[in-house]
Amino acid sequence: MRIILLGPPGAGKGTQAEVLSKHYSLAHISTGDILRESVKLGTVVGLKAKSYMEKGELVPDEVVVEIVADALKGDSVKEGFILDGFPRTEVQAAQLEGVLQEAGIGIDAVIYFKTSEEVAVARLSGRRVCSKCRAIYHAKNMPPKIDRICDKCNGKLIQRKDDEEKTVRNRLRVYDKQTAGLIDYYRTKGLLKEVSGDLDVQEVFEILKDIFAKK
Ligand code: AMP
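The sections below set out a description of the structure shown in this document. These figures come from a predicted structure and were not determined experimentally. (Residues numbered from 1 in each chain as written. Predicted model: local features only at pLDDT ≥ 70, side-chain atom pairs only at ≥ 80, totals over all residues. Heavy atoms only, no water.)

Some thoughts on helix α9 (residues 201-213)
As a reminder, the rule being used: Secondary structure elements follow DSSP: runs of H or I of four or more residues count as helices, runs of E of two or more count as strands, with numbering from the N terminus. Here a helix's expected span is defined as the number of its residues, less one, multiplied by 1.5 Å. Only protein chains enter the accessibility calculation, which uses a 1.4 Å probe; a residue whose area is less than 20% of its type maximum is buried, one above 50% is exposed, and one in between is partly exposed. Picture the helix axis, draw a direction to every C-beta atom, and the arc is the one those directions span. Definition of a polar contact: a pair of N or O atoms within 3.5 Å, with one able to donate and the other able to accept a hydrogen when the atoms are protein atoms, and with sequence-neighbouring residues admitted only if both atoms are side-chain atoms.
Taking 1.5 Å per residue, 13 residues should reach 18 Å; α9 reaches 18 Å between its end C-alpha atoms and fits that length. Residues of α9 that are buried include every one of Val204, Phe205, Leu208, Ile211 and Phe212, and no others. Each buried residue of α9 lies within a common arc of 120° when the element is viewed along its axis, so the set occupies one face. The N-cap of α9, judged by a side-chain oxygen 3.2 Å from the amide nitrogen of Gln202 a few residues on, is Asp200.

Following this line, the structure appears as structure tokens:
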């Protein structure tokens with residue numbers, strides 16, 4: 001199965017991608033995760049991406065398209081993949097089509113996580129991430145057992161700089177302006193399936209399993 005997860009930041013795409021990739025043994029390709037790792041390692045891509053990410057702006061198309069094209073060449077995607085956070089512009093969507101066409105494969109479904117702004121803001125501004133193993137918590141809804149310490153690896157929990165409320169609001173504006181148009185783009189292609197991103201993790205997962213059972 002080859003799936004795209006589409007929706008605003010804070011819709012729960014990353015969480016569902018984790019759950020789905022385990023359940024269906026699919027590769028999880030998150031451009032946000034790859035870019036954050038590149039920034040941490042100080043690679044050329046990381047240096048190009050850093051300032052955009054801190055402001056909540058999109059990294060230039062050519063940088064992310066190359067990352068995804070590389071990821072799609074690996075062996076881990078042979079059984080299928082989940083694209084989480086990509087494409088985010090029509091240019092990226094068109095270039096993805098070219099890459100897939102060359103590989104002789106297509107996308108089976110695009111899942112659109114329809115999410116209200118207030119839910120997205122509350123989720124992101126409360127999100128805490130383990131600085132060591134990247135496990136995700138929420139200050140109110142899913143706190144760790146010991147304050148600011150990861151249950152899994154004892155790493156320190158941090159707030160992503162771009163999860164501060166002001167930046168979150170900008171990320172949502174950027175999504176409306178640059179990404180929301182992809183909903184119609186994929187609807188026209190007959191690939192779009194809509195779920196409510198406001199529901200909790202298990203509820204969304206059950207709906208998605210039903211959708212994929214019919215594929
Ligand atoms: P995410 O974790 O998906 O919310 O991504 C975090 C940040 O990485 C975004 O705010 C962008 O700065 C950058 N980013 C991730 N994916 C893309 C993409 N497909 N196009 C451009 N920028 C991206």
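Details of the pairing of strand β5 (residues 127-130)
Defined as follows: At least two DSSP bridges between two strands are needed for those strands to be called paired.
Here β5 pairs with strand β6 (residues 136-138) via 3 bridges, running antiparallel. The partner of Arg128 across the bridge, within β6, is Tyr137. Counted between consecutive antiparallel strands, the loop separating β5 from β6 contains 5 residues, among which Arg134 sits at a positive phi close to 70°. As paired strands, β5 and strand β7 (residues 157-158) are joined by 2 bridges and run antiparallel to one another. Directly across from Cys130, in β7, lies its bridge partner Leu157.

Looking at the sheet that holds β6
For clarity, the cut-off: Only heavy atoms matter for contacts: two residues are in contact if any of them lie within 4.5 Å across the pair. With axes taken as lines fitted to C-alpha atoms, and helix axes fitted only over the stretch in contact, angles between N-to-C directions fall between 0 and 180 degrees.
In space, the 3 strands of this open sheet follow the order β6-β5-β7, with antiparallel pairing throughout. Edge positions in the sheet fall to β6 and β7, since each of these pairs with one other strand and no more. Sheet strands in contact with helix α6 (residues 117-126) are β5 and β6, and its direction is about 35° off that of β5.

Focus: the environment of Ala122
For Ala122, the position within the fold is in helix α6. What makes Ala122 partly exposed here is its relative accessible area of 44%. C-alpha of Ala122 to C-alpha of Pro143: the two residues are 21 residues apart in sequence and 14 Å apart in space.

Here we look at the site of the ligand
For clarity, the threshold we go by: What makes a residue near a molecule or strand is one non-hydrogen atom of that residue sitting within 4 Å of it. Accessible areas in this description were obtained via Shrake-Rupley with a 1.4 Å probe; residue shielding takes into account the shown protein chains only.
Around the ligand sit 16 residues in total, of which Thr31, Glu57, Gly85, Arg88 and Gln92 are the nearest. One of the backbone N or O atoms of Glu57 is found 2.6 Å from an oxygen atom in the ligand. For the ligand, a nitrogen atom lies 2.9 Å from a polar atom in the side chain of Gln92. When the free accessible area of the ligand is taken as 480 Å², the share hidden by the protein chains comes to 95%. In terms of residue count, helix α2 (residues 31-41) provides more of the shell around the ligand than any other element does, 4 residues in total.

Let's talk about the pattern of salt bridges
As a reminder, the rule being used: Here, a salt bridge means any Lys or Arg side-chain nitrogen found within 4 Å of an Asp or Glu carboxyl oxygen.
Applying the stated criterion to the full structure yields 17 salt bridges. Glu97 is the salt-bridge partner of Lys189, the closest N and O atoms lying 3.2 Å from each other. With Lys189 in the loop between α8 (181-188) and β8 (192-196) and Glu97 in helix α5 (residues 90-103), this pair connects stretches of sequence that are 92 residues apart. Of the residues examined, Lys189 reaches a relative accessible area of 42% and is grouped as partly exposed. Glu118 is the salt-bridge partner of Arg169, the closest N and O atoms lying 3.4 Å from each other. In this pair, Arg169 sits in helix α7 (residues 165-179) while Glu118 sits in helix α6, placing the two residues 51 residues apart along the sequence. Residue classification places Arg169 among the partly exposed positions, given a relative accessible area of 26%. Overlapping salt bridges, with partners in common, bring together Arg127, Arg160, Asp162, Asp163 and Arg171 in one network.

Digging into helix α3 (residues 44-55)
In an α-helix, one full turn covers 3.6 residues, which means residues spaced three or four apart are oriented alike. Among all positions in α3, only Gly46, Ala49 and Met53 are buried. Angular distribution of buried residues about the axis of α3 spans 80°; they occupy a single face of the element. For α3, the exposed residues lying more than 90 degrees away from the buried face are Val44 and Leu47. The inward-facing, buried residues of α3 abut α2. Remark: Gly56 follows α3 within two positions and exhibits a positive phi of approximately 80°.

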